[in-house]
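So the chains spell out like this:
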Amino acid sequence: MTIIEPELRNILERAVADTIESMAFVEIVPTEKKTPYNEHLVRLRVEILVNAPFPGEIRLVLPISLAMIFAQNMYNLDERQITDELIQDVLGEIVNIVAGRLMAEIIPSKQTFQLGLPQIGTDAFLETDADSLSMEFDAEESPFWVILFGDGFQRSIA
Amino acid sequence: MKHIMIVDDSATSRMFVRRCLEIVFTGQNESEYSEAGNGKEALAKLKENPADLVVLDLNMPIMDGATFLRWLRSSPKTNHIPVVVITSVDNDANREELVNLGATQVLSKPVAPAKLMPVLNEIFELESDGFGL
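Since the model is a prediction, treat every value here as computed from it, not as a measurement.

Overview of the packing of helix 1 (residues 6–24) of chain A against helix 3 (residues 84–106) of chain A
Residues and elements named next belong to chain A. Viewed as axis vectors pointing N to C, helix 1 and helix 3 meet at an angle of 140°, and their least axial separation amounts to 9 Å. Regarding helix 1 and helix 3, the two cross each other, and that crossing is right-handed. Every residue of helix 3 that contacts helix 1 at I11, L12, A15, V16, D18, T19, I20 and M23 is listed here: I94, I97, V98, R101, L102, E105 and I106. Of the residues that constitute the contact of helix 1 with helix 3, the class distribution is 11 nonpolar, 1 polar and 3 charged.

Spelled out as structure tokens, the structure:
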């Protein structure tokens, strides 16, 4: 795993924090700690592809309990009223907006970009590879990861 | 009464947009809202019940927002309908493309009443009121 460039890290932090704080009213703080894999921690994974101008993927991984908080805050509903479908829709919209904000910051304004549709899944492991960049955040005392796949993100701000 | 159609595959996004619209239209004549999850569904609904405004997302399954705009602007029955695109895919280049396709205005997600107000004011010439936007 490569070390994230400081500038890209700052941009990603702003995109994630601004989006979640304004939509879900949860404070997101970046952290340097490496939360270990915990088999009792049920996680959700939501990802969106970058289709242009370079191939890439933006992925969010978070505990289901945190996703529930996001959904409750956004819909102002009790936990019992939050369905799996609602949680998936909330996470899909969050990753969509984070991706858009990130891309708008890192590519030239005169260049178009395209995103795919959000995809949701369960995730037990934080899959990363040599071209991925990962950041961990704290949110409501829960870990929350954002991972960028594809070397186009770093090349864009080079 | 204004009929506003919100087109977005995300129920969460439709909910946010509707909340913003309701705030903006507080104190104005009542509005009615309809929703569609993709461009194809929106076109079908517009044939039955034309709208005074369409608020449109871009990335949707079945028929995306750009294709919907092309269809909307190609028909004499619908090409007059103002369209405000609210999208995460927003920069100068994307905005220019959308305006060339026929978008009336383009706003970034997540939208807020303060951003929506001047746009809708220009489209509908809303009466100003005291909520300070």
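Moving on from the model shown.
As for the sheet that holds strand 2 (residues 31–36) of chain B
One key point about sheets: their strands pair by backbone hydrogen bonds, in either a parallel or an antiparallel sense. Residues and elements named next belong to chain B. Taken in spatial order, the 5 strands make up an open sheet running 2-1-3-4-5, and their pairing is parallel. Edge strands, defined here as strands with exactly one partner in the open sheet, are strand 2 and strand 5 (105–108). Strand-to-strand, the axes of this sheet are offset by a mean angle of 20°, without reference to chain direction. Where strand 1 (residues 2–7) and strand 3 (residues 53–56) come together, 4 bridges link them in parallel fashion. Of the residues in strand 3, the one forming a bridge with V7 is L56. Across the face of the sheet, helix 1 (residues 11–24) comes into contact with strand 1, strand 2, strand 3 and strand 4 (83–87) while running at roughly 155° to strand 1. Contacting strand 1, strand 3 and strand 4, helix 3 (residues 65–74) runs over the sheet at an angle of about 175° to strand 4.

What about the packing of helix 2 (residues 39–48) of chain B against helix 3 of chain B?
For any two helices packed against each other, one specifies the inter-axial angle together with the distance between the axes. Residues and elements named next belong to chain B. Between helix 2 and helix 3, the least distance of the axes is 9 Å, while the angle of their chain directions is 30°. When the axes of helix 2 and helix 3 are compared, the pair comes out roughly parallel. You can see that helix 2 and helix 3 cross each other, and the crossing is right-handed. Contacts between helix 2 and helix 3 involve G39, A42 and L43 from the first element and G65, T67, F68 and W71 from the second. Per-class residue counts for the contact of helix 2 with helix 3 are 4 nonpolar, 3 polar and no charged.

Here is what the cut-offs are and how they apply
- Residues numbered from 1 in each chain as written.
- Chains lettered and ligands numbered in written order.
- Predicted model: local features only at pLDDT ≥ 70, side-chain atom pairs only at ≥ 80, totals over all residues.
- Axes fitted to C-alpha atoms, helices over the stretch in contact; angles between N-to-C directions.
- Helix = DSSP H or I, 4+ residues; strand = E, 2+ residues; numbered from the N terminus.
- Left-handed = near helix turned anticlockwise from the far one by under 90°.
- Contact = placed C-beta atoms within 7 Å.
- Nonpolar A, V, L, I, M, F, W, Y, C, P; charged D, E, K, R; others polar.
- Pairing = 2+ DSSP bridges.
- Parallel < 35°, antiparallel > 145°, perpendicular 65-115°, else oblique.

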